[in-house]
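Summary of the model geometry
The residues making up each chain are set out below.
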Amino acid sequence: MSTLRDIHAQRLLILDFGSQYTQLIARRVRESGVYCEIYPFDITAEQIAEFAPAGVILSGGPETVTEGSTPRIPEKVFQLQVPVLGICYGLQAMAAQLGGAVASSDKREFGHAQIQAEQSSQLLDDMFDSSGVVNVWMSHGDKVSSLPSGFTRTASSPSAPIAAMEDPERRFFGVQFHPEVTHTDNGEALIHNFARNICGCAGDWTAANIVSDAIAAIQAQVGQDKVVLGLSGGVDSSVVAALLATAIGDQLTCIFVDNGLLRKNESEEVRAAFSGAMGDGTLAELNIITVNAQAEFLDKLAGVDDPEAKRKIIGATFIDVFDREATALKDVNWLAQGTIYPDVIESAASKYGKAHVIKSHHNVGGLPERMTLKLVEPLRELFKDEVRKIGLHLGLPESLIFRHPFPGPGLGVRILGEVKPSYADVLREADAIFIEELRNANLYSQVSQAFAVYLPVKSVGVVGDARRYEHVIALRAVETIDFMTARWAHLPYEFIERVSNRIINEIAAVSRVVYDVSSKPPATIEWE
Ligand code: XMP
């Protein structure tokens, strides 16, 4: 048995100056095998010292250092004697604070640019091609106009003569471009060089190590206690279940609530995913209590057609049902939750009074206070892509790990207006046909989210010689990176035709199928 290394010991500190790319920086650092955390730029010197980073990365940001009241780098960062990398605003603030100069410009440079190597650099060398150039992504107004003492210029671009600078002695580096975005060629080489070679981190942050570390942490946290988890079939709760089952076996009970608004065969598929993963004996059998609460949800939804009212009813009923089932279990003192790192960063950011950039949907609005369960949140420090990696490592099938997201209120927001059980049945069938055909045509993983929507409007169709008035199914498929903006997926016409024919032929209650060609914004992904 090897003893566990502390995989958080060598870590980078990322100070956030408000860039939309800050989380991407952290993801790239993690991908290079190094643990890191994001904090607001104005954390205290004591917090920085306590964090004890092996290196610091300063993010970009929307402000200009040419104004006095804008964010500055805490002096402590320059006193730690560890490598520092400033990106965009981070570079400009570093230049301004260390004695260089920054010029403001009314013209923003946004988009692709080519940078030219000006001299050898440990940070940049692996990025350039043989003629010393590389394509990068720029997004800035200001630029560094004179170097601080000790620094040399390592790269230039036509619009940013100091596109990169470094002080090899103090190990301070700055780049005007964004190595963290995929539009920058070989940006990952720069991040890898910084995190691994310049900061000297070993690369302990791997899926296998994260899993061993999480298991040990869960065992230490809950001991012999019992834990309850709401299993939804989504990636996060499934990975939490797999981790906990591995760590504490049958001390874990999962509650799967069937609210009558799930996709076809949902609960069977979730069970199958786990029995497959556990078939080889590496994971303990998962205790799943499936609660059939269909009638309870659908009764409460009867007559309600306002989307937000429906969401509230579904959320509140979930809490009631979950609470009742969890309370019926004896001696449970822990509630497991699939909170992930972006949730943690966002709630910290709102505590610091920053704008909430990302819209969040809360499926569970919070459990009743009398449920005095302690929280175990083993994914709290992980990004979604890391959750997927460890899920695969734990043996969960790809079909579950790479499933499209499914909203908490489920089909409840995909049946426009009042939810009726018969509508849900029809929608389940139509949705299953759409998804099955996407998988058969190898298109499922090319779209980010796809589903059917039930439109309870009467539309005419002709069957044999008779006219029949039935309802409409809309198909929605989008491509997106972050679900904040999305493009409607340009699925092949023949494919849409096949799906439409199948739905109309196989489901008598549908007379017409339409395809949604709205992008977000202004349309949202869901119809309600
Ligand atoms: P919209 O419709 O806002 O959707 O463009 C963006 C993403 O969020 C999902 N979504 C929800 N998820 N509860 C959820 O858990 C909700 O009430 C909810 N509404 C939308 C949607 O499926 C898409 O992935």
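The following refers to the structure shown. (Residues numbered from 1 in each chain as written. Predicted model: local features only at pLDDT ≥ 70, side-chain atom pairs only at ≥ 80, totals over all residues. Heavy atoms only, no water.)

What about the nonpolar core?
One finds Phe-434, Leu-438, Ile-473, Leu-475, Leu-491 and Ile-503 to be the most contacted residues of the largest nonpolar core, which totals 47 residues. A total of nine residues in this core trace back to one element, the largest contributor, which is helix H14 (residues 421-440). Looking at which domains feed residues into this core, each of domain 2 (207-345 + 356-401) and domain 3 (420-515) gives three or more. Dropping the residues within four chain positions of it, Phe-434 is found in contact with Ala-450, Phe-451, Ala-452, Leu-475, Arg-476, Ala-477, Leu-491, Phe-495 and Val-499. In terms of nonpolar packing, the next biggest core, distinct from the first, is built from 43 residues, Cys-254, Leu-262, Ala-336 and Val-387 among them. (Core = buried A, V, L, I, M, F, W, Y, C linked by side-chain atoms within 4.5 Å. Buried < 20%, exposed > 50% of the residue type's maximum accessible area, 1.4 Å probe, protein only. Helix = DSSP H or I, 4+ residues; strand = E, 2+ residues; numbered from the N terminus. Domains from an automatic or database assignment. Contact = heavy atoms within 4.5 Å.)

Focus on the pairing of strand E18 (residues 466-479)
The pairing of strand E17 (residues 449-463) with E18 spans 12 bridges and is antiparallel. Bridge pairing in E18 links Ala-452 to Leu-475. Between E17 and E18, which pair antiparallel and follow one another directly, the connecting turn spans two residues, one of which, Gly-464, has a positive phi of 65 degrees. As judged from the two bridges shared by E18 and strand E19 (residues 487-488), these two strands associate in the antiparallel manner. Counted as the bridge partner of Glu-479 is Arg-487 from E19. (Pairing = 2+ DSSP bridges.)

Here's the deal with the packing of H14 against helix H15 (residues 493-506)
Two elements in contact, H14 and H15, have axes whose closest approach is 10 Å; the angle formed by their N-to-C orientations is 145 degrees. Crossing angle aside, the handedness with which H14 passes H15 is right-handed. On H15, the residues touching Ala-430, Ile-433, Phe-434, Glu-436, Glu-437 and Leu-438 of H14 are Phe-495, Arg-498, Val-499, Arg-502, Ile-503 and Glu-506. Tallied by class, residues from the contact of H14 with H15 come to seven nonpolar, no polar and five charged. (Axes fitted to C-alpha atoms, helices over the stretch in contact; angles between N-to-C directions. Left-handed = near helix turned anticlockwise from the far one by under 90°. Nonpolar A, V, L, I, M, F, W, Y, C, P; charged D, E, K, R; others polar.)

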